Amino acid sequence: MSKGAVRVPLNSGRDRTAPQAFPVGQGRHIVLKSAITTLGIAAVALGSAGVAEARTQIRIVGSSTVYPFTTAVAESFKRSYPQFQAPIVESTGTGAGVKLFCAGVGQQHPDFVNASRRLKASEAKTCAENGVTGILELQIGLDGLVIAQARGGQFVSLSEVDVYKALAANPFGGGKNKAQTWKDVNPKLPNIKISVIGPPPTSGTRDSFKDLYMIKGCESNAAMPALKKADEAKYNLACGKIREDGAYIEGGENDNLIVQKIAANPNVLGIFGFSFLEENGDKIKDVPINGIAATYDTISSFKYPASRPLFIYAKLQHMRAVKGMKEFLTEYTKESVWGPGGMLAKRGLVAEPTAVRAKNAAIVQNMTPLDISTLK
């Protein structure tokens, strides 16, 4: 990104090809700023209790999957609370975002992190070691982790076992993966070279892919759970490691680029969140998993095998110093925003059940900190 400001058309948070770090403003345009600039702006440092005078602009980092939803809420927040400066939202990937979030307390550190999977116990420990001792967890909605193809693609359905056998570096601990085509994996599948574009290791979507596809497929072999108990390192190598011989291609944090690549090649599959599938339905379609297509209804009911919750985490120690943080969370939990038929549902976020939304809205109302003993 250039050092100067860049202006691009505002498209209701849906333009995902533009550089993904910007303050959301009113009107037709927004001003982009780089992460280095926005995270390094000088201001009066936060006091040890996090209550001193400091910057007044909310800063958010993290998941590329959650990014379009949070930018939409940032725009809505600015309209609802014009007295606050527009938030800056940056797409860094979940892993990289959590590292920034957990690095410490103070004006140079982000206030929120978007996450396409739940915070890990090890990450919470790092947060605590760096003085981040109060974290609020808000589950914002549901997503389906889809495997997609061009409209002219030949795949009728895949199973988690198919995906695992195609992409595991060391399938079932039996040595290097030698499968070259999908037909090598399953005789019923097309005789097409295995080529899948997916998220990088820094992405929470990569973690979700491991849990929702790789682990499920691996544990279809009864020997694998037993291996986990006997030798977890060997289990992780067999079940979680993705091959690096070109069958799996890391697509970066801009999921829209993955959409463009698979739309142009019917023999390539892509992995990303449901909202990208919905938005690009004229160019791509999903590959059903176990015969179940990814839809709003199948994800909300968890019938779709790769359904997952999405999160945003807030740094409670910044609440008194950075004005508007609670109001931003309140904006996120409005029924007109995250409810069925709300603003975010129209952008592809699947609304949580009523009871789950009520529980999370109460967390915001009461500023209830996350119980880190519930993390894995």
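Up top you'll find the structure we're talking about.
The rules behind the values
- Residues numbered from 1 in each chain as written.
- Predicted model: local features only at pLDDT ≥ 70, side-chain atom pairs only at ≥ 80, totals over all residues.
- Heavy atoms only, no water.
- Disulfide = S-S within 2.5 Å.
- Helix = DSSP H or I, 4+ residues; strand = E, 2+ residues; numbered from the N terminus.
- Buried < 20%, exposed > 50% of the residue type's maximum accessible area, 1.4 Å probe, protein only.
- Pairing = 2+ DSSP bridges.
- Salt bridge = Lys/Arg side-chain N within 4 Å of Asp/Glu carboxyl O.
- 1 Å grid on protein atoms, 1.4 Å probe; cavity = no way out; pocket = protein on both sides within 12 Å on 5 of 7 lines; lining within 4 Å.
- Points joined across faces, edges and corners; volume = space filled by probe spheres on them.
- Nonpolar A, V, L, I, M, F, W, Y, C, P; charged D, E, K, R; others polar.
- Domains from an automatic or database assignment.
- Polar contact = N/O pair within 3.5 Å; in protein donor to acceptor, adjacent residues only side chain to side chain.
- Contact = heavy atoms within 4.5 Å.

Visitor: How would you explain the state of the cysteines if you had to name every residue and give the values?
Guide: Under the defined criterion, the tally for this structure stands at two disulfides. For Cys102, the disulfide goes to Cys127, at an S-S distance of 1.9 Å. Of note, the bridge from Cys102 to Cys127 carries an S-S torsion of about -70 degrees and is left-handed in sense. Taken together, the residues Cys102 in the loop between helix H3 (94-101) and strand E6 (112-115) and Cys127 in helix H4 (residues 121-129) connect sequence positions 25 residues apart.

Visitor: Tell me about the pairing of strand E4 (residues 59-62), residues and numbers included.
Guide: The side chains of a regular strand alternate, first on one face of the sheet and then on the other. Of the two faces of E4, both are covered, the one formed by Arg59 and Val61 as well as the one formed by Ile60 and Gly62. Examined bridge by bridge, E4 and E6 share three bridges and lie parallel to one another. Bridge assignment links Val61 to a residue of E6, and that residue is Val113.

Visitor: Can you tell me about the pattern of salt bridges, naming the residues and giving the values?
Guide: In this structure the tally under the stated criterion is eleven salt bridges. Asp207 is the salt-bridge partner of Lys120, the closest N and O atoms lying 3.7 Å from each other. Within this pair, whereas Lys120 is found in the loop between E6 and H4, its partner Asp207 is found in helix H7 (residues 204-218), the two being separated by 87 residues in sequence. A relative accessible area of 19% places Asp207 in the buried class. One network of salt bridges, in which partners are shared, links Arg117, Lys120, Glu123 and Asp207.

Visitor: Residue-level account of the layout of surface pockets, with values.
Guide: Any empty space left between the atoms is revealed when a probe the size of a water molecule rolls over them. Estimated volume of the largest pocket: approximately 890 Å³. Lining the largest pocket are 29 residues, and of these Arg117, Arg118, Leu119, Asp211 and Lys376 sit closest to its centre. Here the element with the most residues in the lining of the largest pocket is H7; it accounts for seven residues. Taken together, the residues of the lining of the largest pocket sort by class into ten nonpolar, six polar and 13 charged. Both domain 1 (59-142 + 308-374) and domain 2 (144-307) contribute no fewer than three residues apiece to the lining of the largest pocket. Estimated volume of the second largest pocket: approximately 220 Å³. Residue lining of the second largest pocket: 13 residues in total, with Gly95, Lys99, Arg117, Lys120 and Glu123 positioned closest to the centre. At the level of secondary structure, the elements contributing two or more residues to the lining of the second largest pocket comprise H3, H4 and H7.

Visitor: A description of the side chain of Thr205 should follow, citing residues and the corresponding values.
Guide: Within the element layout of this structure, Thr205 appears in helix H7. Thr205 sits in the buried class, given a relative accessible area of 3%. Engagement of the side chain of Thr205 in a polar contact is seen with the side chain of Arg308, the distance being 3.4 Å. Setting aside anything within four residues of it in sequence, one finds Thr205 in contact with Thr65, Ser116, Leu145, Pro199 and Arg308.

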